[in-house]
Amino acid sequence: MLKKCLRYDLLDMWHFWWILAASTLGMSIVCGLACRAMVELFGDADKVDQNALLVLPLTLIICICILGIIASVTVTVILVMVRFYKHFFSDEGYLTFTLPVKRSTLFTSKVINAIIWYSAHIVLLIISVLIILAIAVPASAWASFFGGIVAVTDVTFLSVVITIIKVLEFIILGVLAMVLEILLMYLCITIGSVAVKKGKIFVGIGIYYGINAVFGFVMQLSMGVLGIFLWDGASEILASAPVWQSSLADVLALALVCVAIAVPVCVLYLVTVNLIERKLNLN
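Remember, it's a predicted structure, so these values are computed and weren't measured experimentally. (Residues numbered from 1 in each chain as written. Predicted model: local features only at pLDDT ≥ 70, side-chain atom pairs only at ≥ 80, totals over all residues. Heavy atoms only, no water.)

Scanning the chain from N- to C-terminus turns up 8 helices and 0 strands. Relative to its full complement of 283 residues, the chain shows a buried share of 30%. Partitioning the intrachain contacts of the chain with sequence separation of at least 6 by distance along the chain shows that 82% fall at a separation of at least 24. For the chain, the computed accessible surface area is about 17700 Å², with 76% contributed by carbon and sulfur atoms. (Helix = DSSP H or I, 4+ residues; strand = E, 2+ residues; numbered from the N terminus. Buried < 20%, exposed > 50% of the residue type's maximum accessible area, 1.4 Å probe, protein only. Contact = heavy atoms within 4.5 Å. Areas by Shrake-Rupley, 256 points an atom, 1.4 Å probe, with all protein chains shown as cover.)

This brings us to the pattern of salt bridges. Side chains that differ in charge, positive against negative, can pair when their charged atoms come close. For the structure on display, the rule yields 2 salt bridges. With its nearest N and O atoms 3.0 Å apart, the salt bridge here joins Asp-9 to Lys-110. Residue Asp-9 is located in helix H1 (residues 2-42), and its partner Lys-110 is located in helix H4 (residues 103-136); the two are separated by 101 residues in the primary sequence. Relative accessible area serves as the criterion here: at 4%, Asp-9 is assigned to the buried category. Linking Arg-83 and Asp-12 is a salt bridge whose minimum nitrogen-to-oxygen distance equals 2.6 Å. With Arg-83 in helix H2 (residues 55-89) and Asp-12 in helix H1, this residue pair connects regions lying 71 residues apart in the sequence. With respect to class, Arg-83 is no different from Asp-12; both count as buried. (Salt bridge = Lys/Arg side-chain N within 4 Å of Asp/Glu carboxyl O.)

Turning next to the confidence of the model for the chain. On average, residues of the chain carry a pLDDT of 80, and 78% of them reach 70 or more. Model confidence for the chain, summarised as mean pLDDT per element, is weakest for helix H5 (residues 139-147) at 59 and strongest for H4 at 92. Per-residue pLDDT stays below 50 along residues 149-153; that stretch engages in 0 contacts with residues further than four places along the chain or on separate chains. (pLDDT = per-residue confidence, 0-100.)

Glancing now at a nonpolar patch on the surface. A surface patch of nonpolar side chains, amounting to about 490 Å² of accessible area, comprises Val-160, Ile-164, Val-167, Leu-168, Ile-171 and Val-175. Take Leu-168: it is sitting in helix H6 (residues 157-195). Residue Leu-168 is classed as partly exposed on the basis of its relative accessible area, which comes to 48%. (Patch = residues over 30% accessible without salt bridge, like charges linked within 9 Å, V, L, I, M, F, W, Y side chains within 5 Å.)

Structure follows, in structure tokens:
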């Protein structure tokens, strides 16, 4: 049943998201062409005065395209959150909760759906940047760039293994941070919808910023305490330790950070599911 719910959520988002993706790629192409025009027109000092009138329109085009690409991230977030609100807490929510599906399954589908579209947008941004660079940077510059890369010869098996582990840990850390942000937004929307009858969205937004402020303060305080009592001593020990020990310490530190984020992820998931279970009693 989870697969069916997820398939419905993905198709529902795709109807809007493909337009956003096409627009973002289009802006990337236009931005790349404008950047390439700037390089060609103003790369030669003799042409600067002749093409001075083109500076403003080209700069304006580049700025608009970059702002549009950045804003596309916000649009994806809004689309995901609006669909969650409509499917659960609007008039459409009454139909959703009458389905022969556990509410925890419905919520899990929404979480996976958000992770997929957030990840898809990250890939979209990477492709957009590559398009801009491929168009804007001349072939001669690429040739000199790759020609200047020096082959790394001092590579050991242990360093390769540690690097792979670190990369995997950073990926896991990024996914956990993404899920934490999604669950926090879902929780705030749920609290706003359960707590009040009017202005639910505004209440949810207020709760979100309030929790973020408290969370940020706690994180700064924790990092400050750790920095005062642990960092000085640890840095002195690691400075005199062998390379493999310092690398192992980095791996363990990243693992601890992943665990530290995984705990609130589980808590937010359970709290939100509990609230959704109590939102309506249609049985």
